[in-house]
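# Structure assessment
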Amino acid sequence: RAQAVRARMATLAIARAAPVAPARRSRRRARGVVRTLTRAAARETESSAGAIDVVALGNMCVDVLLSPAPIPSPDALKTDASLASLDASAEAKDDARWEVGGNCNFLIAASRLGLRAECAGHVGDDAHGAFLVETLAAEGVPFRDLCAIASEDAQTETLKCFVLTDGAGGHAFCSRYDLGPWPLLSRVDVVDEGAASALARCSAVFVNGFVFDELSPAAVRSAISLAKLNAAGVFFDPGPRAFTFVSGDAGRKEALDTILAATDVILATLEEAAALAGIEAVAGAGHGATETGTAVGASFAESDPTSGGGDDALDPLSVARALFSRPGCAADWVVIKCGPDGAAAFTRRGDAVYVGAPEIDVVDTVGCGDSAAAAVVLGYLKIQKKKKKLFEASSGKIAYLPNAVLAGMMEETLTLATAVGSATATRPGAGRNVADAETTRALLTAAAAKIETMSEEERARSGISAGGAKRALDVLEESLRAKDRGQSAV
């Protein structure tokens, strides 16, 4: 009852968005079947317990996978003329080449891990928007209209991202995000009631760096504040947009200040995190970062930011410390994604955990970080739930988990995250091709069995413990069982 009251108060507290324009009403009529599916999924979620595990904010797009061909230079590709030409092509209209992208990668992975996930985003009155909403509904993810869109805004249609490949492993992307004007939905400053209701009932909000290409800092602040009323955790993955926040104009810097002030967990590659912290990134430092003074398994105290890499070397520990020290940054965790080397997680109070990644044959790395983030959300929320129970059981006297308990839960969280990211890498593309429970389960089971046959030296190099892999598997299975029972995974 208290949660319902908070949700209602949050909805009433914000100003109403502009009236729905005729184009929006037309879209609802044109997509009647899809909307019916979405409404049914939303009702099922709300009736199960009234709570939502995670809402992804904005960045809804459809990837259009083009045939292999020579890739133009960035100057030639990132133009209005080039985008118009791609949009008018026959391949853009071929739905066999469509795949959901952006935050859809995260949402599908989250749902497949057992999280009750919803999205608050924008799509247009077009076939691409119908495809996106229907695809998410099929994955058990309800779609919430983020806001009413004025016809003067730059993005009234569904965002399309054209994926170009050269057939030899090279790829490039082109979308309206690259061209602006930013933010694309410049007239939006509050969210619609449906999205507001979801945000006010969720345990976590996932935000990536592209949302600020779409929404103003004020709109993002409004959306996040609704979730914060319910004590939701905020997860921020800047992605490649990290570099625009520090090299861009005052608006981009305001956007970074806005999100870091509200963020509980930052997820980033080493270079992205360094950019956010104001450190000049070292090219190529992300992969192999844990070999330069912060090898997998090294302790917090043993880490040496300068060993093995020269004066310009970056390492996860020093970058995390720089982020924690950044004025206005409220993050409690910093998670550094190091590709095939695994990941590292640091807390503001000084905890540190390093985990390796399962050995796989890499097919495609697109979507690996998005899907791994879903596992971090799951693990972090479970830790917060355990902390809350301990706090309440001790009548408010104990606010932290014992060090060994926290370290173990952080290890299983990262182990699950690297397994999910690795499972995604075994498949081409992202969207519906991100990791599923079966592939993740197989990787964790194989890793646990293999580690038990290794020598101590081999185990140290792998960065994965048999116990960590087994506990990560338990987290996955428990989450899936809860979903089968219609309960929250956390």
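If you're wondering where the values come from, they're calculated on a predicted model, not measured in any experiment.

Analysis parameters
- Residues numbered from 1 in each chain as written.
- Predicted model: local features only at pLDDT ≥ 70, side-chain atom pairs only at ≥ 80, totals over all residues.
- Heavy atoms only, no water.
- Buried < 20%, exposed > 50% of the residue type's maximum accessible area, 1.4 Å probe, protein only.
- Helix = DSSP H or I, 4+ residues; strand = E, 2+ residues; numbered from the N terminus.
- Pairing = 2+ DSSP bridges.
- Contact = heavy atoms within 4.5 Å.
- Axes fitted to C-alpha atoms, helices over the stretch in contact; angles between N-to-C directions.
- Expected span 1.5 Å × (residues − 1).
- pLDDT = per-residue confidence, 0-100.

Let us now look at the pairing of strand β4 (residues 117–121). Within β4, five of the five residues are buried, which leaves the element mostly enclosed by the surrounding structure. Here β4 shows a buried face lined by A117, C119 and G121 and a second buried face lined by E118 and A120. Pairing analysis gives four bridges linking strand β1 (residues 52–57) to β4, with the strands arranged parallel. What sits directly across from L57, in β4, is A120. As paired elements, β4 and strand β5 (residues 143–145) share three bridges and run parallel to each other. Looking at β5, one finds that G121 is bridged to D145.

Attention now goes to the side chain of S175. With respect to the element layout, S175 can be found in strand β7 (residues 171–175). S175 has contacts with L83, L159, K160 and C161, leaving out every residue within four places of it along the chain.

Here four strands make up an open sheet; going across it, the order is β3-β2-β6-β7 and the pairing mixed. In this open sheet, the two edge strands, each paired with only one partner strand, are β3 (98–102) and β7. Each neighbouring strand pair of the sheet contributes to a mean axis angle of 35°, computed without reference to strand direction. Pairing analysis gives five bridges linking strand β2 (residues 60–65) to β3, with the strands arranged antiparallel. Paired with C61 across the two strands is G101, which belongs to β3. Contacts from helix α6 (residues 104–112) reach β2 and β3, with the element oriented near 90° to β3.

Taking 1.5 Å of rise per residue, 26 residues should cover 38 Å, and helix α15 (residues 368–393) covers 38 Å from first to last C-alpha, within 8% of that figure. The first or second residue beyond α15 is S395, which carries a positive phi of 55°.

The pLDDT averaged across the protein chain works out to 83; a share of 82% of its residues lies at or above 70. Taken as a whole, residues 1–49 scores under 50 in pLDDT and shows 78 contacts with residues more than four places along the chain or in a different chain. Across residues 281–311 the pLDDT falls below 50, and counting only partners more than four positions away or on other chains, this stretch makes 63 contacts in the model.

With an omega of -15°, the peptide bond between W182 and P183 qualifies as cis. Residue position: P183 is located in the loop between β7 and α8 (193–200). Not every positive phi belongs to a glycine, and A231 is a case in point at roughly 60°. When you line up the elements, A231 lands in the loop between α10 (217–228) and β9 (233–237).

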